[in-house]
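Breakdown of the fold
What follows is each chain in one-letter form.
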Amino acid sequence: MDKPQAPSFALLDLEGRTHRLEHYAGQLIWLEFWVTWCSACLDALPRKEVLYRTMQHPKVTFLTIDVTGREASPDRIVAFMKQSSFTFPVLRDEGTKVTDAYGVTSVPTTVLIDQQGRIHGRYDETVPLPRIISEIGKLLS
């Protein structure tokens, strides 16, 4: 079955820089959708931080997207990141525009985009992290 092309996006990070999907052409992209109030997200984010810090591969890009349209207080994200000491890049969704475009219905959700810009898979919190990492290994080999 053909995999769908990943929807294009242009989102600001917490420093105000624009990130476009096209900036990462040819890369394997890990997109992590999350919100600050989600207990499953709060459980998963420390492991994703370790992954971000240790998975330095020239062909892999790790980005997270805060679903601002599901945040009670979207302005809280900067303080949340400082308080948590997370260093992974955070892009701010425009409400739920990108979240909806990617078919994400729950958080946390990981979306893997292959090097051809196609959605390889969507993984919710029930999918073990080692399985997602294994998928990355397959895509890189």
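The present account deals with the structure reproduced in this document. (Residues numbered from 1 in each chain as written. Predicted model: local features only at pLDDT ≥ 70, side-chain atom pairs only at ≥ 80, totals over all residues. Heavy atoms only, no water.)

One open sheet accounts for 7 strands, arranged S2-S1-S5-S4-S3-S6-S7; its pairing is mixed. The two strands at the open ends of the sheet, each matched to only one other strand, are strand S2 (18-20) and strand S7 (119-124). If you compare each strand with its neighbour and ignore which way they point, the axes differ by 30° on average. By the bridge criterion, 5 bridges tie strand S6 (residues 109-113) to S7 in an arrangement that is antiparallel. Residue Val111 lies in a different strand from S7, and its bridge partner there is Arg122. Across the sheet, helix H4 (residues 129-140) touches strand S3 (28-34), strand S4 (60-66), S6 and S7, and the angle it forms with S3 is around 155°. (Pairing = 2+ DSSP bridges. Helix = DSSP H or I, 4+ residues; strand = E, 2+ residues; numbered from the N terminus. Axes fitted to C-alpha atoms, helices over the stretch in contact; angles between N-to-C directions. Contact = heavy atoms within 4.5 Å.)

With respect to the helices and strands, the residue Leu42 is situated in helix H1 (residues 39-54). Sequence-wise, Leu42 and His120 are 78 residues apart; in three dimensions their C-alpha atoms are separated by 25 Å. Those residues in contact with Leu42, other than ones at most four positions away along the chain, are Thr36 and Phe80.

Turning our eyes to something else, we now look at the pattern of salt bridges. Applying the stated criterion across every chain, the model contains 7 salt bridges. Residue Glu15 pairs with Arg17 through a salt bridge whose shortest N-O separation is 3.1 Å. A salt bridge links Arg53 to Glu49, with the nearest nitrogen and oxygen atoms 2.5 Å apart. In this pair, Arg53 and Glu49 both sit in helix H1, 4 residues apart, roughly one turn of the helix. Residue classification places Glu49 among the buried residues on the basis of a relative accessible area of 5%. One continuous salt-bridge network, built from bridges that share partners, spans Asp13, Glu15 and Arg17. (Salt bridge = Lys/Arg side-chain N within 4 Å of Asp/Glu carboxyl O. Buried < 20%, exposed > 50% of the residue type's maximum accessible area, 1.4 Å probe, protein only.)

Between two aromatic rings, the relevant description is the distance of the centres plus the angle of the planes. For the coordinates displayed, the defined rule picks out 9 aromatic pairs. Ring centres 6.2 Å apart and planes at 85° place the aromatic pair Trp34 and Phe88 in the edge-to-face group. Taken together, the residues span a long stretch of sequence, with Trp34 in strand S3 and Phe88 in the loop between helix H2 (77-84) and strand S5 (90-92) at a distance of 54 residues. No difference in accessibility class separates Trp34 from Phe88, as the two residues are buried. Considering the side-chain rings of Phe80 and Phe86, the 6.2 Å spacing of their centres and the 55° angle between planes classify their relative orientation as tilted. Phe86 shares its class with Phe80; the two are buried. (Phe/Tyr/Trp six-rings, centres within 6.5 Å; stacked < 30°, edge-to-face > 60°.)

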